[in-house]
Amino acid sequence: MLRAAGPRRLLSLASWLLRPQSNCIKTSKYNIVTFLPVNLFEQFQEVANTYFLFLLILQLIPQISSLSWFTTIVPLVLVLTITAVKDATDDYFRHKSDNQVNNRQSQVLISGVLRQEQWMNVRVGDIIKLENNQFVAADLLLLSSSEPHGLCYIETAELDGETNMKVRQAIPVTSELGDTSKLALFDGEVICEPPNNKLDKFGGTLYWKENKYPLSNQNMLLRGCVLRNTEWCFGLVIFAGPDTKLMQNSGRTKFKRTSIDRLMNTLVLWIFGFLVCMGVILAIGNAIWEHEVGVCFQIYLPWDEGVHSAFFSGFLSFWSYIIILNTVVPISLYVSVEVIRLGHSYFINWDKKMYCAKRRTPAEARTTTLNEELGQVEYIFSDKTGTLTQNIMVFSKCSVNGHSYGDVQDVLGHKAELGERPEPVDFSFNPLADPRFQFWDPSLLEAVKLGDPHVHEFFRLLSLCHTVMSEEKSEGELFYKAQSPDEGALVTAARNFGFVFRSRTPKTITVHELGRAITYQLLAILDFNNIRKRMSVIVRSPEGKIRLYCKGADTILLERLHPTNQDLTNVTTDHLNEYAGEGLRTLVLAYKDLEESYYEDWSERLHRASGAPEAREDRLARLYDEVEHDMMLLGATAIEDKLQQGVPETIAILTLANIKIWVLTGDKQETAVNIGYSCKMLTDDMTEVFVITGHTVLEVREELRKAREKMMDASRSMGNGFSYQEKLSSTKLTSVLEAIAGEYALVINGHSLAHALEADMEVEFLETACACKAVICCRVTPLQKAQVVELVKKYKKAVTLAIGDGANDVSMIKTAHIGVGISGQEGIQAVLASDYSFSQFKFLQRLLLVHGRWSYLRMCKFLCYFFYKNFAFTMVHFWFGFFCGFSAQTVYDQYFITLYNIVYTSLPVLAMGVFDQDVPEQRSMEYPKLYEPGQLNLLFNKREFFICIAQGIYTSVLMFFIPYGVFADATRDDGAQLADYQSFAVTVATSLVIVVSVQIGLDTGFWTAINHFFIWGSLAAYFAILFAMHSDGLFQMFPNQFRFVGNAQNTLAQPTVWLTIALTTVVCVMPVVAFRFLKLDLKPELSDTVRYTQLVRKKQKTQHRCMRRVGRVGSRRSGYAFSHQEGFGELIMSGKNMRLSSLALSGFAARPSASWIETLRKKKGGEGSTACSPSGAADKTLKV
């Protein structure tokens, strides 16, 4: 639908215009009519909800229902309602956001007049007027603007997170259409690509006035951008609504599930199988009982109507018991898990210690489903630039015509020693210099002042070859807007040395060279991309000379130089290696003079390629490649990207937690290796650092084989007796780290990694890499980052975490089990794709060692207790079946069954799942070894599950048979028989509630006021409800429902009943208490040792204070020596003790069994047998 006067047409290759193109967006899922049916349909996709619906249907069949329907429908409706309210709330905010966007106003040209229209009413083919600081309503082709040459400036923060301004330009033929009368007559035809999600590419052609004009991304304004520093512009709507690139990029992220989720689903299936088995046993029992015994009582206990045989009675009994015993899989389990995860997410969001005041950025849990998996991470894959480093670039050194500049010099001109730093270079001669820029080598400025032609050409290149935008708010006050920090640093360096980039138009660049304004004609920009890894500009000087200036990666540019540069290339290469060895980021600079005739011919071919409808990118790449050959070398730049604060300490502590860190970076090898040493990933104490640089499959395979052989030889020389062939023959791929001695590191280049990731070599690469303490992959592409992560996920079956800050890290972040985004200098695309985000790498330590470990601990304790309490509750029915003729009679009354999981036991276990902790957060950070149980999956696995089930069954046996045995001969105070069904039910139910309350008290490691309130409050609620249900008031209101008036009062008034309850509680709980005391004494866990250490320290402090009170004065030295341990001198000198306390910890315990984690790790095939356990270290140093 085209509303303008001119007959404009818009076509795409996919014929997407054939359907109506509305600009209305919809991110919501429901409306008022569809909410209930659609939401219920989605909820019943969950197997658990369908299962309970099936049970509800069974309960509505009178022949098999032994419980009232409300025992199932109440919890089911509660769960469905809570989920529906949550979904409705989320969707309400989506509706609100959609309405806010769709109702924004826009000026649309209709019949030659600008009219206000809502965004939702904009259509493809409309011409829209935008004004300064307005959002772009749809994907527009820029037609004209208030700026000269059809330029306009935009901010793309909503698309890619970059806050710097970018320039867009109308094609010259439409740039003069500045008024509405001319625009109303515009009748061009656009043929373009179909809608896609590529933000940096657009291909199309405008046909107008019998000519065709190529269209590119530089002519497009995308929805979500903001117009800046431009009074107005006009644009033609190309894509609208869901077809815009912004909406095309808002696809759903892959849903991630934790290992505990997967295990829980398996266990629920096992429990269901167990439930069926119990139902079958009891059904067979019913059939036998009815055949042998029940037939004798047909006179006054006849079969129900429709039951004609014992076999059919057993069949009906099976379904009755399925209903009664269904509480072994409680519906409240799934809701409780989500509530606990939500609480953990809020703790992360509220953590002030993960808040960056400088950027005002808090940590954010962007998902609630992965918290406990943060406590199980074994591999971290990290980007380097902006993640380990600050991504704030500083021009540090350079090489010009074979001379290196940038070394700090003393007053005599010699290279200054470390720690000596004289005054920085004085740039006061230059009124346009940036006062924040500092350089320490005055010889470079002297070369500029003396007129060195090579130095002048060097800085001229830096001031011309870029895409930086300049903004001059007042005379001489320049502000640069650069697409990357590197580019901004280079242009700023040229500015301070006298070559000031002042302004640009689409066809010119103005530079002040040593105070003289010179305007160069900009003929072409050969832009940077990840494949080219270089950027060039072609300019014409005022003298008419045409020159190409190029800057790019050394691996690309050095092979494109003219052969006469060989000697200079050798010297510059030495400088590049020196700079990279210092951890600096390097670029090579070169130029080439072009003949006028050659340039005219090349420019004509470039114009034809730009307008080609097919293979446009390939044709342009070939032309770029042609002109960027036989260049003359100018020199090289070296930019410093400083480490973020706390990175070395964080890596050291995470390494102590047995987490392996792999760095995947696009930087060159030398730079990445040097950063590795700065981060303490690589150390001089390492046995060897293997460097893989092979260019062919055979070379890479041979280098990997030699690396493995060296590790094996070193291991054998230490008497390990390890056979590598035996290791390879094992069915499960495990790391050779289990058996080798020494510390190794692996560095591999991108071209070698491409071969290593091939199907026939990936296992060899992974074996070698996992045998090393540190792995650094250099010159890798975004796709290779994701492939490395996927390789570890595929074979190691370990939890992986990827962390990065840029768009090139998105694929890696989405591939890993857990993705973490750093909100840094490269925009927010990584954050938008992540599961967790914060502003500094050092916060990763707290995220994993505190929040992750606690989340895993809490979830495991919650699940163990939950399964225990429900088996203890449900299995009583099973034992009772053998004493009630297998008649599906319940032990408890139906109200207790309904309220047990909803009221009596729900809040205490939730409090434990949300607030519990074994050691304080400071100890979690000090003792990284506490993290290992999560990696080994020790706290909740199939073995732990069966232990919980066994404890629950044991409790149920005592819960039933002790009261049953007592009641067989017990009498009341008045001599009457005590044994009646209701008294028995009250006694068992009371025993159960007290036992599970005591049990959760034993399980709770960290008591808060909330824990106390929930545990004792739940007990109080039980007794209040129990007495209320047996009261006169309810009986008078509902005589058919509450018939047993005064039963609870009469039963609990008997001393025998309370003695029975006390006996049951003691017998159920004492074995647990005894076992835990013995375990604590004979085989303590690491957390037990830490708590013991805390108690000892507290006692020591108390004794020390008492000693000072009585007047004894000890020297400060002796006060320190009180807790001093011998044997750490060598460790301190070696630099390995980033956290001494985590190694010295187990000296307090000093029990032979304290190295239980290492023993288990060897059995399981874990990683790190060579890493000394805390206990092992303590055994050598101190015996208590």
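Residues numbered from 1 in each chain as written. Predicted model: local features only at pLDDT ≥ 70, side-chain atom pairs only at ≥ 80, totals over all residues. Heavy atoms only, no water.

Looking at an unreviewed UniProt entry, one finds the protein chain named Phospholipid-transporting ATPase and attributed to Anser cygnoides. Listed under Cofactor (unreviewed entry) in UniProt, the entry text for the protein chain is "Mg(2+)". Turning to the protein chain, the UniProt record has this under Sequence similarities (unreviewed entry): "Belongs to the cation transport ATPase (P-type) (TC 3.A.3) family. Type IV subfamily." (UniProt positions renumbered as here; feature names shortened; annotations may be inferred.)

## Structural notes on the environment of Leu221
Within the element layout of this structure, Leu221 appears in strand 11 (residues 220-221). Given the relative accessible area of 0%, Leu221 is considered buried. Spatially, the C-alpha atom of Leu221 lies 5.0 Å from that of Leu140, the residues being 81 residues apart in sequence. The contacts of Leu221, once residues within four sequence positions are left out, are Leu130, Val136, Ala138, Asp139, Leu140, Leu142, Cys152, Ile154, Arg168 and Cys233. (Helix = DSSP H or I, 4+ residues; strand = E, 2+ residues; numbered from the N terminus. Buried < 20%, exposed > 50% of the residue type's maximum accessible area, 1.4 Å probe, protein only. Contact = heavy atoms within 4.5 Å.)

## Looking at the nonpolar core
Counting residues in each nonpolar core, the largest one holds 96 residues, and the members touching the most others are Phe862, Leu863, Tyr892, Phe896, Phe940 and Leu992. It is helix 26 (residues 843-881) that provides the largest number of residues to this core, a total of 18 residues. Apart from the residues lying within four places of it in its own chain, the contact partners of Leu992 are Ala872, Phe873, Tyr892, Phe896, Tyr900 and Met959. (Core = buried A, V, L, I, M, F, W, Y, C linked by side-chain atoms within 4.5 Å.)

## Here's the deal with the side chain of Thr898
Here Thr898 lies in helix 27 (residues 894-904). The class of Thr898 is buried, set by a relative accessible area of 8%. There is a polar contact of 2.8 Å between the side chain of Thr898 and the backbone oxygen of Gln894. (Polar contact = N/O pair within 3.5 Å; in protein donor to acceptor, adjacent residues only side chain to side chain.)

## Considering the pairing of strand 32 (residues 818-822)
Burial within strand 32 is extensive, with 5 of its 5 residues counted as buried. Burial along strand 32 is two-sided: the residues Ile818, Val820 and Ile822 and Gly819 and Gly821 are all buried. Here strand 31 (residues 799-804) pairs with strand 32 via 4 bridges, running parallel. Each bridged residue has a counterpart across the sheet, and for Leu801 the counterpart in strand 32 is Ile818. What joins strand 31 to strand 32 is helix 24 (residues 810-815), and the crossover it makes is right-handed. Sheet topology note: the strand 32/strand 33 (residues 836-838) ladder contains 3 bridges and is parallel. Paired with Ile822 across the two strands is Phe838, which belongs to strand 33. (Pairing = 2+ DSSP bridges. Right-handed = clockwise from strand over helix to strand, strands pointing away.)

## Quick look at the UniProt feature "binding site: Mg(2+)" (unreviewed entry) in the protein chain
The sites that UniProt annotates as "binding site: Mg(2+)" (unreviewed entry) are Asp383, Thr385, Asp805 and Asp809. For this annotated set, covering 427 residues, all C-alpha atoms fall within 10.7 Å of each other, a compact arrangement in space. Not counting residues up to four positions away in its chain, the partners in contact with Asp383 are Leu388, Leu664, Thr665, Lys785, Ile803, Gly804, Asp805, Asp809 and Met812. Turning to its location among the elements, Thr385 is positioned in the loop between strand 15 (377-382) and strand 16 (389-400). By relative accessible area, which is 9% here, Thr385 ends up buried.

## Observations regarding the side chain of Thr1065
Relative to the helices and strands, Thr1065 is located in helix 36 (residues 1055-1082). Look past the residues within four positions of Thr1065 in its chain and what remains in contact with it is Ile994, Val995 and Val998.

## A few points about the pattern of salt bridges
Scanning all chains against the criterion turns up 46 salt bridges. Glu628 serves as the salt-bridge partner of Arg534, at 2.6 Å between the closest nitrogen and oxygen. Taken together, the positions of Arg534 in strand 23 (residues 534-540) and Glu628 in the loop between helix 16 (616-627) and strand 26 (632-643) put the pair 94 residues apart, joining distant regions of the chain. Per residue, the accessibility class of Arg534 equals that of Glu628, and both read buried. Between Glu688 and Lys710 there is a salt bridge whose closest N-O contact spans 3.1 Å. Within this pair, whereas Glu688 is found in strand 28 (residues 688-692), its partner Lys710 is found in helix 19 (residues 697-717), the two being separated by 22 residues in sequence. We classify Glu688 as partly exposed; its relative accessible area is 26%. On the accessibility criterion, Lys710 (43% relative accessible area) is partly exposed. (Salt bridge = Lys/Arg side-chain N within 4 Å of Asp/Glu carboxyl O.)

## Comments concerning the sheet that holds strand 33
An order of 14-33-32-31-15-27-30-29-28 is seen for the 9 strands of this open sheet, with the pairing classed as mixed. Every interior strand has two partners, whereas the edge strands, strand 14 (364-365) and strand 28, have only one. Lying over the sheet, helix 22 (residues 762-770) contacts strand 15, strand 27 (660-664), strand 29 (744-748) and strand 30 (774-777), oriented at roughly 120° with respect to strand 27. (Axes fitted to C-alpha atoms, helices over the stretch in contact; angles between N-to-C directions.)

## Let's talk about the sheet that holds strand 26
The 9 strands lie next to each other as 17-16-26-25-24-23-22-21-20, forming an open sheet whose pairing is antiparallel. The open sheet has two edge strands, strand 17 (403-405) and strand 20 (499-504), and neither has a second partner. With direction set aside, neighbouring strand axes in the sheet form an average angle of 30°. Bridge analysis of strand 22 (residues 516-526) against strand 23 gives 5 bridges, and the strand direction is antiparallel. Following the sheet pairing, Gln521 is matched in strand 23 by Arg540. Lying over the sheet, helix 11 (residues 453-464) contacts strand 16, strand 17, strand 20, strand 21 (508-513), strand 22, strand 23, strand 24 (546-552), strand 25 (584-594) and strand 26, oriented at roughly 60° with respect to strand 26. Its contacts with the sheet put helix 18 (residues 669-678) on strand 16, strand 25 and strand 26, and the angle it makes with strand 26 is roughly 20°.

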